[in-house]
Amino acid sequence: MVETQVSRRATNSGPGRLLIAVYLLFAIAATSRAGLQIATRFDEAPVAYLLSALAALIYIVAAVGLARAGHAGRRVALACCSVELVGVVGVGVLSLVDADLFPDETVWSQFGSGYGYVPLVLPVLGLFWLWRTRPTAP
Amino acid sequence: MTSAAAAGSPVDGILATATIVLSLVLAVWALVAAVRDRPPDRVQFAGLAVLELGLLALAVAALVALGGGERPGEPGAFFGYLVTLVCLPPLAWVLARMEPTRWGSAIICAICLVTPIVVVRLQQTWAVLGG
């Protein structure tokens with residue numbers, strides 16, 4: 001590892017570590033919620049519960065991507081944060097327009113209001129952080 | 001609304017309140033440290049240890065009540081929150097040890113803000129039937 005060059009650009013230290021911590025918290029929250037919903041009452045709202053599971057998966061992969069740093073990690077994190085942003089805005093709009101579409105809450109319903117709107121802010125912070133730590137041209 | 005059920009709840013009492021207060025105090029302390037550009041200090045790590053002991057005591061109280069035949073309103077969610085809860089301070093500890101900068105303090109602050117929410121959710125999932 002080339003310390004001085006790499007450490008300043010790494011996505012997994014400093015503020016990045018805080019970001020990973022929050023992603024981990026959401027990975028835990030979304031995974032347990034989705035797991036419980038799918039295990040106990042999947043028939044009630046399959047779309048909403050599968051969406052919860054997808055969100056959970058994305059949080060996990062995003063956390064891993066940020067933690068792995070490197071080029072592959074950055075690309076993975078970039079993809080996850082983008083999907084997340086589209087997901088939270090899309091589901092937020094849809095859940096306002098047509099409440100019947102999501103009869104039960106998901107992490108992304110109402111723009112993540114059930115989680116203090118953190119799901120809406122998180123991908124933006126993630127994308128900002130990836131941009132801040134972008135590798136300079138060699 | 002849930003006062004009748006809450007009276008008999010093992011996770012709603014002086015101990016639960018103490019963990020909530022301690023966690024919030026710790027969050028403020030860590031926030032001050034982060035703003036002052038200080039890495040996590042001994043007080044923060046000691047606070048996490050005490051918080052963890054309190055949460056473990058809470059878990060034991062819940063298990064004792066279960067042994068005595070009491071049942072939470074939503075068992076699945078209750079145990080999910082209980083397991084998550086006792087894992088939070090260790091998670092904060094490990095991440096903060098990895099990050100000996102102001103951001104380590106910020107991590108402790110963030111997790112100590114989440115912990116009280118989980119305690120409250122724990123109380124809600126126990127009491128839901130009595131509501």
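Here the residue numbering is sequential within each chain, running from 1 through the sequence in written order. To label them, take the chains in the order written and letter them from A, then take the ligands in the order written and number them from 1. Only residues with pLDDT of at least 70 get local features here, since the model is predicted, and only at 80 or more are side-chain atom pairs given and counted; chain-wide, interface and lining totals rely on the full set of residues. As a convention, hydrogens and water are excluded, and side-chain values are obtained from all of the structure's heavy atoms.

## Notes on the overall build of chain B
Secondary structure follows DSSP: runs of H or I at least 4 residues long count as helices, runs of E at least 2 residues long count as strands, and numbering of each begins at the N terminus. Looking only at helices and strands, one finds five helices and zero strands in chain B. Starting at the N terminus and walking to the C terminus, you meet the elements of chain B as α-α-α-α-α. The rule is simple: take the accessible area with a 1.4 Å probe, protein chains only, and divide by the maximum for that residue type; under 20% is buried, over 50% is exposed, in between is partly exposed. Counting every position in chain B, which comprises 131 residues, the buried fraction comes to 45%. A sequence separation of at least 24 residues applies to 84% of the contacts in chain B between residues at least 6 apart. Entry remark: accessible area of chain B is about 6,400 Å², with carbon and sulfur atoms responsible for 72%. For chain B, the centre of its 7 positive side-chain charges and the centre of its 7 negative side-chain charges are spaced 9 Å apart. In what follows, a contact means two residues having at least one pair of non-hydrogen atoms within 4.5 Å. In this description, accessible areas are obtained by the Shrake-Rupley approach with a 1.4 Å probe, and a residue is regarded as covered only by the protein chains that are shown. Residues counted as positive are Lys and Arg, residues counted as negative are Asp and Glu, and His and the chain ends are not counted. Here the site of a charge means atom NZ of a Lys, CZ of an Arg, CG of an Asp or CD of a Glu.

## Looking at the side chain of Arg 17 of chain A
Among the structural elements, Arg 17 of chain A can be located in helix 2 (residues 15-41). Counting of polar contacts relies on pairs of N or O atoms within 3.5 Å, with two restrictions inside protein: one atom must be capable of donating a hydrogen and the other of accepting it, and residues adjacent in sequence are counted only when both atoms are side-chain atoms. Within the structure, the side chain of Arg 17 of chain A is placed 2.9 Å from the backbone oxygen of Met 98 of chain B, a separation counted as a polar contact. The contact partners of Arg 17 of chain A, leaving out residues within four places of it in the chain, are Asn 12 of chain A together with Leu 95, Met 98, Glu 99 and Ile 107 of chain B.

## As for the interface of chain A and chain B
Tallying the contact residues gives ten residues for chain A and 14 residues for chain B. Here the quantity called buried area is the accessible surface, traced with a 1.4 Å probe, that two parts lose on coming together, added over both. Taken together, the two surfaces of chain A and chain B that pack against each other cover about 1,100 Å², and 82% of this comes from carbon and sulfur. Summed over the three residues of chain A that lose the most area to chain B, namely Arg 17, Leu 18 and Leu 25 of chain A, the buried surface amounts to 49% of that side. Any carboxyl oxygen of Asp or Glu that lies within 4 Å of a side-chain nitrogen of Lys or Arg is treated as forming a salt bridge with it. Remark: the boundary between chain A and chain B carries one salt bridge.

## Regarding the environment of Thr 31 of chain A
Residue and element names in this part refer to chain A. When you line up the elements, Thr 31 lands in helix 2. In this structure Thr 31 comes out as partly exposed when scored by relative accessible area, which is 37%. Setting aside residues no more than four positions away along its own chain, Thr 31 makes contact with Phe 26, Ala 56 and Ile 60. Within the local environment of Thr 31, its side chain forms a polar contact with the backbone oxygen of Ala 27, the two atoms lying 2.4 Å apart.

## A word on the nonpolar core
Core analysis: the biggest nonpolar cluster contains 66 residues, and Tyr 23, Tyr 59, Leu 66 and Trp 108 of chain A together with Leu 85 of chain B have the highest contact counts within it. Those elements that provide at least two residues to this core are helix 2, helix 3 (46-68), helix 4 (70-97) and helix 5 (118-132) of chain A together with helix 2 (14-35), helix 3 (42-67), helix 4 (75-98) and helix 5 (102-127) of chain B. No other element matches helix 5 of chain B, which puts eleven residues into this core. What we call a nonpolar core is a set of buried Ala, Val, Leu, Ile, Met, Phe, Trp, Tyr and Cys residues that are connected through their side-chain atoms within 4.5 Å.

## Remarks on the packing of helix 3 of chain B against helix 4 of chain B
Residues and elements named next belong to chain B. Two elements in contact, helix 3 and helix 4, have axes whose closest approach is 10 Å; the angle formed by their N-to-C orientations is 165°. Judged on the interaxial angle alone, helix 4 and helix 3 are roughly antiparallel. When you trace helix 3 past helix 4, the crossing you get is left-handed. Where helix 3 approaches helix 4, its residues Phe 45, Leu 48, Ala 49, Leu 51, Glu 52, Leu 55, Leu 56, Leu 58, Ala 59, Ala 62 and Leu 66 are matched on the opposing element by Phe 78, Phe 79, Leu 82, Leu 85, Val 86, Pro 89, Pro 90, Ala 92, Trp 93, Ala 96 and Arg 97. In this classification, Asp, Glu, Lys and Arg are treated as charged, Ala, Val, Leu, Ile, Met, Phe, Trp, Tyr, Cys and Pro as nonpolar, and every other residue, Gly included, as polar. Per-class residue counts for the contact of helix 3 with helix 4 are 20 nonpolar, no polar and two charged. Axes here mean lines fitted to C-alpha atoms, for a helix over just the part in contact, with angles spanning 0 to 180 degrees between N-to-C directions. For classification, angles of less than 35 degrees are called roughly parallel, those exceeding 145 degrees roughly antiparallel, those between 65 and 115 degrees roughly perpendicular, and all remaining angles oblique. In a left-handed crossing the near helix is turned counterclockwise from the far helix by less than a right angle, and in a right-handed crossing that turn is clockwise.

## Quick look at unusual backbone geometry
All names here are of chain A. The backbone phi angle of Ala 69 is positive, close to 50°, even though this residue is not glycine. We classify Ala 69 as buried; its relative accessible area is 13%. Located in the positive-phi region is Tyr 117, a residue other than glycine, with phi close to 60°. You can see Tyr 117 is positioned in the loop between helix 4 and helix 5. Overall, Tyr 117 belongs to the partly exposed group, its relative accessible area being 43%.

## Examining the pattern of salt bridges
Residues and elements named next belong to chain A. Per the counting criterion, the structure on display carries three salt bridges over all chains. Two residues, Arg 41 and Glu 44, come together in a salt bridge whose shortest N-O distance is 3.9 Å. Here Glu 44 falls in the exposed class, since its relative accessible area comes to 58%.

## Focus on the confidence of the model for chain A
In low-pLDDT regions, the fine details of the predicted coordinates are not to be read closely. Residues and elements named next belong to chain A. Every residue is assigned a pLDDT by the predictor, reflecting its confidence on a scale from 0 to 100. Here chain A averages 86 in pLDDT, while 91% of its residues score no lower than 70. Looking over chain A, one finds the lowest element-wise mean pLDDT in helix 1 (residues 3-9), namely 49, and the highest in helix 5, namely 94. For residues 1-7, every residue scores under 50 in pLDDT, and the model assigns this stretch two contacts once sequence neighbours within four places are set aside.

## So, a nonpolar patch on the surface
Residues and elements named next belong to chain A. Side chains of Leu 57, Ile 60, Val 61, Val 64 and Val 76 sit close together on the surface and give an oily, nonpolar patch of about 370 Å² of accessible area. Examining the composition of the nonpolar patch, we find that four residues originate from one element, helix 3, more than from any other. Within the secondary structure, Ile 60 sits in helix 3. Here the term patch refers to residues with relative accessible area over 30% and no salt bridge, with like charges joined within 9 Å and nonpolar side chains (Val, Leu, Ile, Met, Phe, Trp, Tyr) within 5 Å.

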